[in-house]
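Residues per chain are reported as follows:
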Amino acid sequence: MSTRPSALAPFRIRNYRFQWPSDLLTSWAFEVETLVLGWYILVETGSVLLLTVLASLQFVGTLVAPVFGMIGDRMGHRDLLIAMRLAYTALSSTIMVLALTGHLSPPSVMIIVAIMGLIRPSDLGVRGALLAEIMPPEQLVGAISVARTTQDSARIAGALTGAGLFAVLGIGLVYVAIACLYVVAALLMLCLTRPKRTVTTSGLPANTHAISRLFGDLKEGIVYAWNGPGMRAALCVAFLANLTAFPFTGGLLPYIAREIFHTDQTGLGYLSASFAVGSLIGSITLSLVSGVRIARLLIGATLAWYAMLLVFVEVRTLPVAMACLVLAGIAQSMSMISAAVILMRTASAHLRGRVMGVRMMVIYGLPIGLLAAGSLIDIIGYSATGSLYAVAGFVAMMAIAVRWRADLWPVHAPANAR
């Protein structure tokens, strides 16, 4: 008789007890920054297009995410995360100093966000690769689900505090707290013991032949991820979701709160927190269940996500919109966790960082979707744009499910392994 899985089981692993709070604090800082800077740009410029540009700049590094994965495979994912979080500290401290001295402006924010955007998109992929190194395979689904709670709870905390603190304290003092979060996250990551390496960890060579070898390694990771059983479908779903679903629950929320629901920072916080609450419910639910056919869940959850978004873009009552976002958040969490599990279960240990780097690369669909939505809203309106995105996403997801049916639906398929 199998015992019921415990949501706390991953914390029996020492390294996980340090990685989880480090990821939590980093995610909190990410979410507060996103909301605060989004509201700052919208208030200072009044432009939805500039708002989408700001949100897009946060993901400019998605195309180089496989490079970060390759570096992590070589130098160690733990050491790479430490370096990345120290970089976040330096960049957030720059905004803090500019704000406290009265020199902060929309152009300076755009420049700093663009620099951070080169690094930040790789954070989740490197986290996932490190997690797969330190966790036993049988605990991976539960560990990924519990790890997702760092993002979900951060979105709730950021939504309920970030924009409100901006209104009360000002952006400078908010950034004092953000910089402190990054510092503590880096210190916690330093407490991890380096996982045993399955490949050589020699430093990156500098000669021409070595550079060619690095590009060969990068190509190997991309080809491997694209051709693995179930991997291609998971990557297509992740790209589709970033292109057509995430824009309306992320970068466009300040516009939706202000122009559609005619509310302030508090209303923006409620909308963002609603989606995060749903996502947290989905993460916790998956951490408590066992025997789920992950690939089938990927299909059903993604379709449900688009159905709820189609309703969300049509409603004009804030409480109803919040309820839609809760349900969309549950579906989103189950969809994205399923995609991550398929990739990490299938990937060989020595290529895991590169595979997760490719997973982060497909986030490039988000800035494309954001910029296109910003332009379309000005031309055809918010409701028409939202409906177009939701319907197109639903149809494309059905096409993915049909195209890779042999990899996603049979119970004996590797992607559905229990």
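Residues numbered from 1 in each chain as written. Predicted model: local features only at pLDDT ≥ 70, side-chain atom pairs only at ≥ 80, totals over all residues. Heavy atoms only, no water.

### What about the pattern of salt bridges?
Which entries qualify depends on this criterion: Each reported salt bridge corresponds to a side-chain nitrogen of Lys or Arg within 4 Å of a carboxyl oxygen of Asp or Glu. Only DSSP runs of H or I with at least four residues qualify as helices, and only runs of E with at least two residues qualify as strands; both kinds are numbered from the N terminus onward. Partly exposed residues are those whose accessible area sits between 20% and 50% of the maximum for their type, while under 20% is buried and over 50% is exposed, using a 1.4 Å probe and protein chains only.
Applying the stated criterion to the full structure yields six salt bridges. For R85, the salt bridge is made with D23, and the minimal N-O distance between the two is 2.8 Å. Here R85, found in helix α4 (residues 77–100), pairs with D23, found in helix α1 (residues 14–45); they are 62 residues apart in sequence, far enough to count as distant. Taken individually, R85 and D23 each receive the classification buried, so the pair is uniform in this respect. Each of D23, R85, D123 and R127 takes part in salt bridges that share partners, so that together they form one network.

### A short note on the side chain of E33
Operational definition: In this tally, Asp and Glu contribute negative charge and Lys and Arg positive charge; neither His nor the terminal groups of the chain are included. In the analysis that follows, any N or O atom pair within 3.5 Å is treated as a polar contact, provided that within protein one partner can donate a hydrogen and the other can accept it, and provided that, for residues neighboring in sequence, both atoms belong to side chains. In what follows, residue pairs with any heavy atoms lying within 4.5 Å of each other are defined as contacts.
Mapped onto the fold, E33 is located in helix α1. R120 provides the closest opposite charge to the buried, salt-bridge-free E33, at an N-O distance of 4.2 Å. Within the structure, E33 has its side chain in polar contact with the side chain of Y175 (distance 2.8 Å). If we ignore the near neighbours within four places in the chain, the residues touching E33 are S92, M116, R120, Y175, I178 and Y182.

### Re helix α5 (residues 106–119)
Condition: Between the first and last residue of a helix there are one fewer steps than residues, each counted as 1.5 Å, and that sum is the expected span.
A rise of 1.5 Å per residue sets the reference length of α5, with its 14 residues, at 20 Å; its end C-alpha atoms lie 21 Å apart and thus fit the reference within 8%. Every buried residue belonging to α5 is among S108, V109, M110, I112, V113, M116, G117 and I119, and all of these are buried. Residues of α5 that are buried sit in contact with α1, α2 (48–57), α3 (65–75), α4, α6 (123–134) and α8 (171–190).

### A word on α3
Summarising burial for α3: eight of the eleven residues are buried, a large majority. Taken together, the buried positions of α3 are A65, P66, F68, G69, M70, G72, D73 and R74. Looking one or two residues past α3, G76 carries a phi angle of roughly 105°, positive in sign.

### Looking at the environment of Y16
Mapping Y16 onto the fold places it in helix α1. By relative accessible area, Y16 is classed as buried at 1%. Those residues in contact with Y16 that sit more than four places away from it in its chain are P10, F11, P21, L131, I134, M135, A143, V146 and A147.

### Structural notes on a nonpolar patch on the surface
The test is simple: A patch is a set of surface residues, each over 30% in relative accessible area and not in a salt bridge, joined within 9 Å for like charges and within 5 Å for the nonpolar side chains Val, Leu, Ile, Met, Phe, Trp and Tyr. Surface exposure here means Shrake-Rupley accessible area, sampled with a 1.4 Å probe, where a residue is shielded only by the protein chains that are shown.
There is a patch of nonpolar side chains on the surface, built from L100, L165, V168, L169, L173 and V176 and spanning about 520 Å² of accessible area. One can find L165 in helix α7 (residues 140–169).

### Remarks on the packing of α1 against α4
In a pair of packed helices, the angle between the axes and the distance between the axes together describe the arrangement. Threshold: Simply put, an axis is a line fit to the C-alpha atoms, just over the touching stretch for a helix, and the angle between two N-to-C directions goes from 0 to 180 degrees. Orientation labels follow simple angle bins: below 35 degrees gives roughly parallel, above 145 gives roughly antiparallel, 65 to 115 gives roughly perpendicular, and whatever is left gives oblique. Throughout, a crossing is termed right-handed when the near helix is turned clockwise from the far one, and left-handed when it is turned anticlockwise from it by less than a right angle.
Two elements in contact, α1 and α4, have axes whose closest approach is 12 Å; the angle formed by their N-to-C orientations is 30°. Of the possible angle classes, the one that applies to α1 and α4 is roughly parallel. Considering the relative orientation of α1 and α4, their crossing is left-handed. Across the interface between the two elements, S22, D23, T26, F30, E33 and L37 of α1 pack against R85, Y88, S92 and I95 of α4.

### With respect to unusual backbone geometry
In this structure, H262 takes a positive phi of about 50° despite not being glycine. For H262, the position within the fold is in the loop between α11 (253–260) and α12 (265–288).

### Brief notes about the confidence of the model for the chain
Just so we agree on the cut-off: The quantity known as pLDDT measures the predictor's confidence residue by residue, on a range of 0 to 100.
Confidence in the prediction for the chain averages 82 pLDDT; 87% of positions are at 70 or higher. Across the chain, element-level confidence peaks in helix α17 (residues 382–403) with a mean pLDDT of 94 and bottoms out in helix α9 (residues 208–227) with 65. Counting interchain partners and residues more than four positions distant, the pLDDT-below-50 stretch residues 199–208 has eleven contacts.

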